2 protein chains.
Amino acid sequence: MRNGDLRLATELAPQRSFFATIAQKKHIRPMNQTVIPKPDYEAALREAGVRITRPRRVILGILSDAGDHPDAMEIFRRAVAIDSSISLSTVYRTMKLLEGIGAIHRHAFEGGPSRFEPAVGDHHDHLIDIETGDVIEFQSDRIEELQQEIARELGYEIVHHRLELYGRKRRRR
Amino acid sequence: MRNGDLRLATELAPQRSFFATIAQKKHIRPMNQTVIPKPDYEAALREAGVRITRPRRVILGILSDAGDHPDAMEIFRRAVAIDSSISLSTVYRTMKLLEGIGAIHRHAFEGGPSRFEPAVGDHHDHLIDIETGDVIEFQSDRIEELQQEIARELGYEIVHHRLELYGRKRRRR
DNA sequence: AATGCAATTGCAAATCGTTTGCAAATAGAA
DNA sequence: TTCTATTTGCAAACGATTTGCAATTGCATT
């Protein structure tokens with residue numbers, strides 16, 4: 001969570017000042033600049049007792065170096081570029097499998113198809129740029145606490161939750 | 001296990017004590033016990049310059065006394081019980097129309113189809129009972145503020161957002 | 001009350017994202 | 001290498017929703 005680590009230099013550069021600012025707000029943590037450890041999907045799959053096939057290896061590779069939140073069709077496109085024999089069904093089946101063993105998260109953002117993300121690192125929520133579809137991850141302890149509090153007051157225990165902010169870049173003023 | 005129609009009384013009663021309790025927490029407002037003003041859909045439609053047809057009148061009636069968050073199929077069922085000639089397409093078309101003029105909100109809760117709710121009263125978020133599908137509305141100024149703050153820090157303005165808590169009733173201890 | 005016509009309807013077929021049945025291919029234990 | 005249960009690609013099925021079209025209807029006009 002240090003703000004020196006860089007991913008996507010092009011994207012990071014103009015925002016550096018933001019992150020410097022945010023770093024002071026201890027309860028809001030933007031997560032995009034975090035260095036994400038590549039998950040060892042193969043080990044996870046082996047542990048789940050499933051076979052490591054060629055299509056799966058390709059898809060896992062795509063996932064582990066996806067810096068974005070691709071949908072099934074996009075994963076399929078990237079997969080076909082590597083091995084043209086891979087089918088969309090297999091992509092869907094693999095996503096379901098990975099989701100089942102908790103290796104990825106599925107997000108149903110507004111409108112479009114499900115988008116996927118490796119399940120690494122801490123929990124976080126999402127801000128979706130409604131103009132570009134870009135997803136910015138963030139984490140707020142206070143919001144998490146508040147959610148807990150609310151559920152408790154209403155007599156419920158939270159199994160999971162979904163917080164999505166849909167917005168557009170603020171005009172630099 | 002879909003949600004039946006009128007379990008209001010039976011379900012509300014045991015919760016009354018909750019609401020009494022919650023009423024003290026000024027920043028969390030459960031909204032289920034609120035007296036909801038019935039919206040004048042016909043006026044809204046007329047204003048939007050569309051015709052008040054028989055199917056529309058039936059659907060509007062259903063919406064304005066729906067205490068729950070029905071999906072299109074459920075609205076269709078209730079509509080057919082009143083006028084068997086109404087079609088599902090018309091339900092969908094009417095929902096889209098109403099959504100367009102801001103008279104209802106569409107919610108895409110996890111898994112299932114879109115569910116609808118008259119757009120009356122304040123903004124609120126939802127807690128979905130994953131066992132029954134029941135929806136509990138709540139409102140938290142603090143969460144709203146935090147969201148604003150987060151978006152601001154990230155350089156975005158929020159256009160809208162979605163906060164859904166999925167949980168189950170806590171075992172009464 | 002009768003007319004005219006655009007708005008609206010019901011129906012069936014189309015669409016989108018996703019899942020599934022099945023026969024052929026293959027991972028990986030023996 | 002052999003074996004067989006698992007996995008695959010394909011096409012067809014799926015559930016939610018939308019759409020084209022010809023028939024109907026609201027309603028402004030006579």
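Quick caveat, the model's predicted, so the values are computed rather than measured.

Right, let's talk about the pairing of strand β3 (residues 115-118) of chain A for a bit. Residues and elements named next belong to chain A. Residues R115 and E117 line one face of β3 and the alternating positions F116 and P118 line the opposite face, and both faces are buried. Direction of pairing for strand β2 (residues 104-107) relative to β3: antiparallel, over a ladder of 4 bridges. The residue bridging H105 from the neighbouring strand is E117, located in β3.

Let us look at the protein's contact with DNA strand C. Inspection of the region around DNA strand C gives 19 residues, with A:Y92, A:K96, B:S85, B:T90 and B:R93 positioned closest. Here DNA strand C approaches the protein such that, of its atoms within 4 Å, sugar and phosphate make up 65%. Separating a base nitrogen of DNA strand C from a side-chain N or O atom of A:R51 is a distance of 2.9 Å. Of all elements in the fold, only α6 (88-100) of chain A together with α4 (54-64) and α6 (88-100) of chain B reach the threshold of two or more residues within the surface near DNA strand C. Among the elements that make up the surface near DNA strand C, the one with the highest residue count is α6(A) (4 residues). Each residue belonging to the surface near DNA strand C can be placed in one class, and the counts come to 6 nonpolar, 7 polar and 6 charged.

Our focus in this paragraph is the pattern of salt bridges. Residue and element names in this part refer to chain A. Summed over all chains, the structure comprises 18 salt bridges over all chains. Residue R162 pairs with E164 through a salt bridge whose shortest N-O separation is 4.0 Å. The exposure classification of R162 matches that of E164, with both residues buried. Linked by salt bridges that have partners in common, D68, E74, R77 and R78 make up one network.

In screw terms, the move from chain A to chain B is a rotation of 180° and a rise of 0.0 Å along the axis, fitting with an RMSD of 0.0 Å. Taken together, the rotation and translation relating the two chain copies correspond to the operation of a two-fold axis. In terms of proximity to the rotation axis, the leading residue of chain A is A:L163, whose C-alpha is 2.2 Å off the axis. Taken together, the interface assignments show that 98% of the residues at the interface of chain A recur at the interface of chain B, consistent with an identical surface on both copies.

Quick look at the interface of chain A and chain B now. Counting residues at the interface gives 42 residues for chain A and 41 residues for chain B. Taking both partners together, chain A and chain B bury about 4,300 Å²; carbon and sulfur atoms supply 65% of that area. On the chain A side of the contact with chain B, A:L154, A:Y156 and A:R162 bury the most area, a combined 19% of that side's loss. Where chain A packs against chain B, one counts 2 salt bridges.

A few words on the protein's contact with DNA strand D. Neighbouring DNA strand D are 20 residues; A:S85, A:T90, A:R93, B:Y92 and B:K96 lie closest to it. The share of sugar and phosphate among atoms of DNA strand D within 4 Å of the protein is 65%. Between a phosphate oxygen of DNA strand D and a main-chain N or O atom of B:I52, the distance comes to 3.0 Å. Here a phosphate oxygen of DNA strand D and a backbone polar atom of B:S114 are 3.0 Å apart. Only α4 (54-64) and α6 of chain A together with α6 of chain B provide two or more residues apiece to the surface near DNA strand D. Within the surface near DNA strand D, the residues separate by chemical class into 6 nonpolar, 8 polar and 6 charged.

Rules used throughout
- Residues numbered from 1 in each chain as written.
- Chains lettered and ligands numbered in written order.
- Predicted model: local features only at pLDDT ≥ 70, side-chain atom pairs only at ≥ 80, totals over all residues.
- Heavy atoms only, no water.
- Buried < 20%, exposed > 50% of the residue type's maximum accessible area, 1.4 Å probe, protein only.
- Helix = DSSP H or I, 4+ residues; strand = E, 2+ residues; numbered from the N terminus.
- Pairing = 2+ DSSP bridges.
- Near = heavy atom within 4 Å.
- Polar contact = N/O pair within 3.5 Å; in protein donor to acceptor, adjacent residues only side chain to side chain.
- Nonpolar A, V, L, I, M, F, W, Y, C, P; charged D, E, K, R; others polar.
- Salt bridge = Lys/Arg side-chain N within 4 Å of Asp/Glu carboxyl O.
- Least-squares fit on C-alpha atoms with pLDDT ≥ 70 in both.
- Contact = heavy atoms within 4.5 Å.
- Buried area = accessible area lost by both parts, 1.4 Å probe.

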